[in-house]
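# Geometric and topological summary
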Amino acid sequence: MEYKATFTIGERDLVRFYMHQFWKNQMASIVIFAVIGMLLSFLFANGRVPAAGVAAVMAVTLCAVVGAFYLSYRFGIQRKVRKSAVKSGVSTYQQEVRINGFGVRVEAQGKTGRLSFDKLVLVEETKQYLYLYMTKEVAWLLPKDQMEHPEKDLAALRELFEKVIPAKQLRMKHHAA
């Protein structure tokens, strides 16, 4: 089996990738801060506010903390991605991907990257992307909406990856995209 496609990677794709990384890697910190905020609101409101009011204050605190983390990180990522695009003079780029029995080969911005399957850190499928991680934080992005035949292509890629990637390094969906 050989899969070959060219994807256009832009700001939206990069922001989504970094936000995915953020949720995946920072969720524990967000939960800890949210729980601390909820406990503080409970301590300050307890005895002065009825139980339903305390629950409401705690829920609002949780939403405010998670929302603040999300918005601040998202705006920061968007700013960095735009700044990088301005600096490089490239807001989108073409990424040519070839996946076959030997591994993954990607050409983008005049550079070629090759990895055998045993060197991939993680292969992860989300609702909108297939991420091929070269390191814990760096991945090639394959947008599903740009695949020529998404259902057929994803089924073939899932089958291939399930054969050559250890289960602990594979997070694939087992249904049609």
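Read on for a plain summary of the structure. Treat the numbers as computed from the prediction; the structure is a model and nothing was measured. (Residues numbered from 1 in each chain as written. Predicted model: local features only at pLDDT ≥ 70, side-chain atom pairs only at ≥ 80, totals over all residues. Heavy atoms only, no water.)

### Topic: the overall build of the protein chain
To be explicit about the condition: We count a stretch as a helix when DSSP gives it H or I for four or more residues in a row; a strand needs E for two or more, and each element gets its number in order from the N terminus. Radius of gyration here is computed from C-alpha atoms only, and the compact-globule reference equals 2.2 Å multiplied by the residue count raised to the power 0.38. Burial here depends on accessible area, computed with a 1.4 Å probe over protein chains only, as a share of the maximum for the residue type. Under 20% is buried, over 50% is exposed, and the range in between is partly exposed. We call two residues in contact whenever any of their non-hydrogen atoms come within 4.5 Å of each other. Here, Shrake-Rupley sampling with a 1.4 Å probe gives the accessible areas, and only protein chains in the shown set may cover a residue. When charges are counted, Lys and Arg contribute as positive and Asp and Glu as negative, whereas His and the chain ends are disregarded. For the purpose of locating charges, the reference atoms are NZ of Lys, CZ of Arg, CG of Asp and CD of Glu.
Looking only at helices and strands, the protein chain features three helices and eight strands. The C-alpha radius of gyration computed for the protein chain amounts to 21 Å, which surpasses the reference 16 Å derived for 177 residues by more than 25%, pointing to a less compact arrangement than a globule. Viewed in the frame of its principal axes, the protein chain has a C-alpha envelope of about 65 × 40 × 25 Å. The buried share of the protein chain, reckoned over its 177 residues, is 37%. Looking at the protein chain alone, contacts between residues at least 24 apart form 59% of all its contacts between residues at least 6 apart. Summed over all atoms, the accessible surface of the protein chain reaches about 10800 Å², with 60% contributed by carbon and sulfur. Computing the positive centroid from 25 side-chain charges and the negative centroid from 15, the protein chain places the two 9 Å apart.

### Examining the environment of Val 104
Within the element layout of this structure, Val 104 appears in strand S3 (residues 103–108). Separated by 89 residues in sequence, Val 104 and Val 15 have C-alpha atoms that sit 23 Å apart. Among all residues touching Val 104, those that are not within four sequence positions of it are Arg 98, Ile 99, Gly 113, Arg 114, Leu 115, Phe 117, Leu 120, Leu 132 and Trp 140.

### Brief notes about the pairing of strand S1 (residues 3–9)
Note the cut-off: Any two strands with at least two DSSP-identified bridges between them are counted as paired.
The alternating pattern of S1 places Tyr 3, Ala 5, Phe 7 and Ile 9 on a buried face and Lys 4, Thr 6 and Thr 8 on a face that is not buried. Direction of pairing for S1 relative to strand S2 (residues 93–100): antiparallel, over a ladder of seven bridges. When the sheet's bridge partners are listed, Lys 4 is paired in S2 with Arg 98.

### Let's talk about the sheet that holds strand S5 (residues 122–125)
Spatially, S7-S6-S5-S8 is the arrangement adopted by the four strands of the open sheet, whose pairing is mixed. Two strands bound the open sheet, and with one partner strand each, they are strand S7 (139–143) and strand S8 (170–171). Relative to S8, S5 is paired through two bridges, and the arrangement is parallel. Among the inter-strand pairings, Val 123 is bridged to a residue of S8, identified as Leu 170.

### Here's the deal with the nonpolar core
Note the cut-off: For this analysis, a nonpolar core means a set of buried residues of the types Ala, Val, Leu, Ile, Met, Phe, Trp, Tyr and Cys, connected via side-chain atoms within 4.5 Å.
Within the largest apolar cluster, 33 residues are counted, with the highest numbers of intra-cluster contacts made by Ile 99, Val 123, Leu 132, Leu 142 and Phe 161. Of all the secondary-structure elements, those providing two or more residues to this core are S1, S2, S3, S5, strand S6 (129–133), S7 and helix H3 (150–164). Sorting elements by how many residues they give to this core places S6 first, with five residues. Discounting chain neighbours no more than four positions away, the residues touching Val 123 are Leu 130, Tyr 131, Leu 132, Phe 161, Ile 165, Gln 169, Leu 170, Arg 171 and Met 172. Ranked by size, the runner-up nonpolar core spans six residues in total, among them Met 19, Phe 22, Ile 30 and Val 81.

### Brief notes about the sheet that holds strand S4 (residues 111–115)
Stated precisely, the cut-off is as follows: For every element, the axis is a line fit to its C-alpha atoms; helices are fit only across the contacting stretch, and the angle between N-to-C directions ranges from 0 to 180 degrees.
Read across the sheet, four strands follow the order S1-S2-S3-S4 without closing on themselves; strand pairing throughout is antiparallel. Bordering the open sheet on either side are S1 and S4, each of which pairs with just one other strand. Adjacent strand axes in the sheet meet at a mean angle of 15° when their direction is disregarded.

### What to know about the pattern of salt bridges
Worth spelling out the cut-off: We count a salt bridge whenever a side-chain nitrogen from Lys or Arg sits within 4 Å of a carboxyl oxygen from Asp or Glu.
As enumerated under the stated definition, the model contains nine salt bridges in all. One salt bridge connects Arg 98 with Glu 2, and the closest N-O pair in it is separated by 3.9 Å. Of this pair, Arg 98 sits in strand S2 while Glu 2 sits in the segment before S1; the two residues are 96 residues apart in sequence, bridging distant segments of the chain. Note on Arg 98: relative accessible area 24%, which makes it partly exposed. For Glu 107, the salt bridge identified is with Arg 105, shortest N-O distance 2.6 Å. Judged by its relative accessible area of 23%, Arg 105 falls in the partly exposed class. Among the ionic contacts, a cluster of salt bridges with common partners joins Arg 12, Asp 13 and Asp 145.

Any link to function would need more than the numbers given here.
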